[in-house]
Amino acid sequence: MKKLDYERPILNKVNAGMPDKFGMKTKTATLSHIEEHSVTDILKEYGSPVYVISEPCIRKTYRTAYKAFSTRYPRVQFAWSYKTNYMNAVCKIFHSEGAWAEVVSGFEYSKAIENGISGDQIIFNGPEKSKEDLERAITDGAMIHLDGLDEFYFLGELAEKLNKKANVAIRINLNAGIYPQWDRFGFNLENGEAWHAINRIMLHDNMELVGLHTHMGTYITAVSAYAIAASKLADMAVRLQRKFNHSIKYLDLGGGFATRNTLKGAYLPGSDTCPSFDDYAEALTSALLGSELPPDKLPLLILETGRALIDESGYALGSVLANKRLVDGRRATVIDIGVNMLFTAFWYEHEVMPTKLNSEQTENTTIYGPLCMNIDIIREAIQFPLLQKGDAIVIPRIGAYNMTQWMQFIKLRPPVLLIDEDRKIHLIRKKESFQEFNAQENVPEHLK
Ligand SMILES: *Cc1c(COP(=O)(O)O)cnc(C)c1O
């Protein structure tokens, strides 16, 4: 028997048309189409849930970012942060726009090579680089960013054995006025560690110091932090010139630009507080151009922007599984998108959009994912309209970190679609299959 559309009556404050604390009406935005394709049609054809990525949006965002920097500083190079989203199709789009690759593991390094990037356009960051990883990077002429002194000695030995000169830079952590200050990666500037490491590299026969790098953190909304970091790196480059007569090839300011997503606990929505690429570029390049760096020998400015280049282009599409009442009378809506495919739900108050409204009436709702696990919450409290089982929903701005930090927990990973510039849909990652997944396992003889 079909379940009748009935809900037990409750008394509830009417929210429709009521102003909130900012004086605005609580109105639920809907999204029925992505790049001209109907969301419900996509779900019908590819199943629910599914990720969708917009190629036109990636290209537009990249060009906006590139323009902001290249119109203010003569030599700019982006390096795509693989861990932010390493779908090959996505990486290829960034590479076709001119971006190099920024990788933090041997696995990501292999991906970059497979995507047609040559070693001398790979920036190799991160705390773990194996012997094989480093030997390959030395041979390829990749830019190896040292994370600590142990790695310095290890790399030195390997380069000596290979009888090659390794291209190295150091990762520097510094005080740029942001809290918390990340100090677990690289060498500290203020306590002298970084300068100490630079002196050792300069005296090493098998190392060529090519760059200075910092990546201060992520979702940094203070553009002033970039100005401070840029002038500190510039001062370091000037000091190198003075002491060793050595011109540094590049200054790498890392990633960290914020997106329009709203952080948990933020007072205002991210769309109101997120600086533009122009804001970041103005602060950062003004600091470089205003430094003691000689204008005729300006180093290349490298940016490893991750989330700000891809967040906006990704969508999670799913369906409502059920509605229920919690014991305090609050409504709970269960959807088929859980934290297994939306890791960023731990940090962001993600916007959740119906494709259509059944009514203007909203009420305080908790949105749960499909996992049999208490932590599976997409929104703790959101003013949300009543949707029916099977209704489609869209979570926008999820392009960063979700397709890499997704978990194979309880469910297999969903497929990923790309809509290209001609609005054609491509399946860029198949839905994971039970057979493929199970094939990784081995049951010992005595348990068969
Ligand atoms: C993760 C990472 C990035 C990208 O950071 P976003 O905050 O996503 O821009 C850049 N550089 C390094 C070294 C990273 O680890």
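Reference entry: report on the structure contained in this document. None of the values given here were measured: they were computed from a predicted structure.

The next thing to look at is the environment of Tyr 219. With respect to the secondary-structure elements, Tyr 219 resides in the loop between β10 (207-213) and α8 (223-244). For Tyr 219, a relative accessible area of 12% translates into the label buried. Linking Tyr 219 and Arg 260, residues 41 residues apart in sequence, is a C-alpha distance of 9.9 Å. Other than its neighbours up to four places away in sequence, Tyr 219 contacts Gly 256, Phe 257, Ala 258, Thr 259, Asn 261, Thr 262, Leu 263, Gly 270, Arg 307 and Tyr 348. At a separation of 3.3 Å, a polar atom in the side chain of Tyr 219 contacts the main-chain carbonyl oxygen of Thr 259.

Around the ligand, 15 residues are found, and the nearest of them are Lys 83, Thr 218, Gly 256, Glu 304 and Tyr 401. Lys 83 is positioned with one of its side-chain polar atoms (N or O) 2.6 Å from an oxygen atom of the ligand. Taking 390 Å² as the accessible area of the ligand by itself, protein coverage stands at 95%. Across the shell around the ligand, the residue classes tally to one nonpolar, nine polar and five charged.

Okay, a nonpolar patch on the surface next. On the surface, a nonpolar cluster with roughly 580 Å² of combined accessible area is contributed by Phe 346, Trp 347, Met 373, Ile 375, Phe 409 and Ile 410. Here Ile 410 is to be found in the loop between α12 (402-405) and β19 (416-419). A relative accessible area of 51% means that Ile 410 is categorised as exposed.

This part takes up the pattern of salt bridges. Applying the stated rule across the entire model yields 22 salt bridges. For Glu 55, the salt bridge identified is with Arg 59, shortest N-O distance 3.0 Å. Here Glu 55 pairs with Arg 59, and both are found in helix α2 (residues 55-70), just four residues apart, close to one helical turn. For Glu 55, a relative accessible area of 10% translates into the label buried. On the basis of relative accessible area, Arg 59 is assigned to the buried category, the value being 12%.

Cis geometry is found at the peptide bond from Ser 48 to Pro 49, where omega equals 0°. Within the element layout of this structure, Pro 49 appears in the loop between α1 (39-46) and β3 (50-54). In this chain, Tyr 179 is followed by Pro 180 through a cis amide linkage whose omega measures -5°. Mapped onto the elements, Pro 180 comes out in the loop between β8 (166-173) and β9 (187-188). Phi is positive for Glu 36, close to 75°, though the residue is something other than glycine. Mapped onto the elements of the fold, Glu 36 is located in the loop between β1 (33-34) and β2 (37-38). The exposed category is assigned to Glu 36, whose relative accessible area is 62%.

Here the focus is the side chain of Asp 420. Looking at the element boundaries, Asp 420 is found in the loop between β19 and β20 (425-429). This buried residue, Asp 420, is left without a salt bridge; Lys 424 holds the nearest opposite charge, at 5.9 Å. A polar side-chain atom of Asp 420 sits 2.8 Å from the main-chain amide nitrogen of Lys 424. Non-local contacts of Asp 420, meaning those with residues more than four positions away in its chain, are made with Glu 55, Pro 56 and His 426.

The next subject is the packing of aromatic side chains. How two aromatic rings sit relative to each other is given by the distance of their centres and the angle of their planes. Under the defined criterion, the tally for this structure stands at 18 aromatic pairs. Arranged with centres 6.4 Å apart and planes meeting at 55°, the rings of Tyr 66 and Phe 78 form a pair that is tilted. Of this pair, Tyr 66 sits in helix α2 while Phe 78 sits in strand β4 (residues 76-81), placing them 12 residues apart in sequence. Residue Tyr 66 is classed as partly exposed on the basis of its relative accessible area of 34%. Aromatic side chains Phe 69 and Phe 257 sit 6.0 Å apart centroid to centroid with 5° between the ring planes, which places their arrangement in the stacked category. Separated by 188 residues along the polypeptide, Phe 69 in helix α2 and Phe 257 in the loop between β11 (250-252) and α9 (270-273) bring together distant segments of the chain.

Counting residues in each nonpolar core, the largest one holds 109 residues, and the members touching the most others are Phe 69, Ile 170 and Leu 212. The biggest single contributor to this core is α8, with 10 residues. Viewed by domain, this core spans two of them, domain 1 (33-53 + 314-431) and domain 2 (55-311), each represented by three or more residues. Not counting the four nearest positions on each side in its chain, Leu 212 is found in contact with Ala 169, Ile 170, Ile 172, Ile 198, Leu 233, Met 236, Ala 237, Leu 240, Ile 248, Tyr 250, Leu 251 and Asp 252. Listed in part, the 13 residues of the second largest apolar core include Ile 34, Tyr 315, Val 394 and Ile 425.

Moving on to the pairing of strand β14 (residues 331-335). Burial analysis of β14 places five of its five residues in the buried class, the great majority of the element. With five bridges joining them, strand β13 (residues 314-325) and β14 adopt antiparallel strand pairing. Note on β14: the bridge partner recorded for Asn 323 is Thr 333. Counted between consecutive antiparallel strands, the loop separating β13 from β14 contains five residues, among which Gly 329 sits at a positive phi close to 95°. Bridging between β14 and strand β16 (residues 362-368) involves four bridges; their strand directions are parallel.

Reading the values: the criteria
- Residues numbered from 1 in each chain as written.
- Predicted model: local features only at pLDDT ≥ 70, side-chain atom pairs only at ≥ 80, totals over all residues.
- Heavy atoms only, no water.
- Helix = DSSP H or I, 4+ residues; strand = E, 2+ residues; numbered from the N terminus.
- Buried < 20%, exposed > 50% of the residue type's maximum accessible area, 1.4 Å probe, protein only.
- Contact = heavy atoms within 4.5 Å.
- Polar contact = N/O pair within 3.5 Å; in protein donor to acceptor, adjacent residues only side chain to side chain.
- Near = heavy atom within 4 Å.
- Areas by Shrake-Rupley, 256 points an atom, 1.4 Å probe, with all protein chains shown as cover.
- Nonpolar A, V, L, I, M, F, W, Y, C, P; charged D, E, K, R; others polar.
- Patch = residues over 30% accessible without salt bridge, like charges linked within 9 Å, V, L, I, M, F, W, Y side chains within 5 Å.
- Salt bridge = Lys/Arg side-chain N within 4 Å of Asp/Glu carboxyl O.
- Lys, Arg positive; Asp, Glu negative; His and termini not counted.
- Phe/Tyr/Trp six-rings, centres within 6.5 Å; stacked < 30°, edge-to-face > 60°.
- Core = buried A, V, L, I, M, F, W, Y, C linked by side-chain atoms within 4.5 Å.
- Domains from an automatic or database assignment.
- Pairing = 2+ DSSP bridges.

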